[in-house]
Amino acid sequence: MSSQSPPAPRRLAARALETTPENPWPVRLLSSKITEYVSRMSPLWVEGQIVQLNRRPGASLAFVTLRDSAADMSLPVAVDARVVGALPAPLEEGSHVVVHARPTFWPKRGTLQLQADDIRPVGVGELLARIEQLKRVLAAEGLFDAGRKRPLPFLPGRVGLVCGRESKAEHDVVVNAHARWPALRFEIREVAVQGARAVTEVCAALAELDADPAVEVIVLARGGGSVEDLLPFSNEALVRAVAACRTPVVSAIGHETDSPLVDLVADHRASTPTDAAKRIVPDVAEQRRGVLQSRQRIRAAVAGRVAAEQRGLDAVRSRPVLAEPTTLVTRRAEEVARLTAGARRAFTWRTERAGAELDALHGRLVALSPAATLARGYAVLRTPERVVRSADEVAVGDRLEALLAGGRLDVDVVGSHPGGPAGTRGGPSSG
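Since the structure is predicted, the reported quantities are computational estimates derived from the model, not experimental observations.

*Asks:* Kindly report on the nonpolar core, identifying the contributing residues and their values.
*Replies:* Core analysis: the biggest nonpolar cluster contains 34 residues, and Val162, Leu206, Leu220, Leu238, Val242 and Val265 have the highest contact counts within it. Of all the secondary-structure elements, those providing two or more residues to this core are α3 (124–140), α5 (198–210), β8 (217–222), α6 (236–244), β9 (249–253) and α7 (261–265). The biggest single contributor to this core is α5, with 6 residues. Of all hydrophobic cores here, the second largest spans 19 residues; its members include Val159, Cys163, Val173 and Ala252.

Below, the structure is given as structure tokens:
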């Protein structure tokens, strides 16, 4: 009977990146590797908020769940009960603490835990100092600048409201807003407004409402509280979430004396949730009074203008030219008739005067006319070339023409007597 030798053990990969589906690491090896890696980590100080505290009487260890104040992340912490008992004030859920611990990995459970040897509460003064430092950083980035702030709509159709569950702040905003404008609609998101989950839930509600196109303004409301209660509203992640909103945001956190950082980055700050209701919608009664007053002013202005125009129209109509519109035409017609008569008289006078002057000139012309002289028995002798004025100008035998008042005669010169009448013989002219 032959014996077979046992199979050689499988050689495991030396590093994680050398593992394959055919040559994987067993769980124990991975756990040991993680344990080895974590054990090399140095102790450190870590800050967070206590969300769960488990301390049993007589137990040597107290267990705390430490959560990040700005993200949904937490780690379990085991701390010696004597360290917890030596604190000046008892630990409470929601307290901010700083823990000195060493990370420890438990391979059997596959869990990571912090093993703490010191725990210190963070005082209010230190918290305020951190908020002031964050305020300076955000201010330097320009997140608080007035130029970034958007105006609120005059009358939003729908308002987003982020508030605590069944909180008085929700009641104050909704009741007072409906009293001012009953038709207003709300989109309400009830979230944790203090504690470890506050930042995460508020940021998620803001993002959801900001993505809704029907929501025209968002109100972030919370009642008053201690500095620790209002810390989430000075958290950097929440402040940046408010700054990133495209929808106008109204901050109504705490009382008028409270001033978390979200008040500085919001588009409008309300001193209280009731004040926020007054800011987001107008008062319907006040608007009605304003409309009524405006209508009265408009009516009075129109009536005054009409009355003034009527007075002006009456004044114009009372003028003689409009009271008797024909007066102007009658006066002009009379003036035209008067001028026409004057022109006619002047023309007649001028014509008559010119006629008299013409008669006088005619009489003078007739008196001086050669025809008048001829009519008195005189005659004009002329040769074909000229009028005979002297006996020396003709000779015996010349034929002359004699012009008479009653015709012409042809005459022959039969004798010439210079200085005396000339002797002629003539007969009727054929002309």
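*Asks:* Outline the sheet that holds strand β4 (residues 96–106), listing residues and values.
*Replies:* The 5 strands are arranged β1-β2-β3-β5-β4 in a closed barrel whose pairing can be described as mixed. Averaged over all pairs of adjacent strands, the angle between their axes in this sheet comes to 55°, without regard to strand direction. Where strand β2 (residues 61–67) lies against strand β3 (residues 74–80), 7 bridges are found, and the strand directions are antiparallel. Across the sheet, the residue bridging to Phe63 is Ala78, located in β3. Running at roughly 140° to β4, helix α1 (residues 27–39) makes contact with β4 and β5 (111–121) of the sheet.

*Asks:* How would you explain α5 if you had to name every residue and give the values?
*Replies:* Side chains three or four residues apart in an α-helix point the same way, a direct result of the helix having 3.6 residues per turn. Along its 13 residues, α5 runs 18 Å from first to last C-alpha, staying within 8% of the 18 Å computed at 1.5 Å per residue. Every buried residue belonging to α5 is among Ala198, Val199, Val202, Cys203, Ala205, Leu206, Leu209 and Asp210, and all of these are buried. For α5, the arc enclosing every buried residue in end-on projection is 165°, short of the 170-degree limit, so these residues lie on one face. Against the buried residues of α5 lie β6 (158–164), β7 (185–191), β8 and α6.

*Asks:* Which residues make up the pairing of β8, and what are the values?
*Replies:* Burial analysis of β8 places 6 of its 6 residues in the buried class, the great majority of the element. On β8, burial covers both faces: Val217, Val219 and Ala221 on one face and Ile218, Leu220 and Arg222 on the other are all buried. Taken together, the 4 bridges between β6 and β8 define a ladder with parallel strand orientation. Pairing of Val159 across the sheet is with Val217, part of β8. When β8 meets β9, the two strands line up parallel, connected through 5 bridges. Paired with Leu220 across the strands is Ser251, a residue of β9. Note that the unit made of β8, α6 and β9 has a crossover that is right-handed.

Parameters and conventions
- Residues numbered from 1 in each chain as written.
- Predicted model: local features only at pLDDT ≥ 70, side-chain atom pairs only at ≥ 80, totals over all residues.
- Heavy atoms only, no water.
- Core = buried A, V, L, I, M, F, W, Y, C linked by side-chain atoms within 4.5 Å.
- Buried < 20%, exposed > 50% of the residue type's maximum accessible area, 1.4 Å probe, protein only.
- Helix = DSSP H or I, 4+ residues; strand = E, 2+ residues; numbered from the N terminus.
- Pairing = 2+ DSSP bridges.
- Axes fitted to C-alpha atoms, helices over the stretch in contact; angles between N-to-C directions.
- Contact = heavy atoms within 4.5 Å.
- Expected span 1.5 Å × (residues − 1).
- Arc of directions from axis to C-beta.
- Right-handed = clockwise from strand over helix to strand, strands pointing away.

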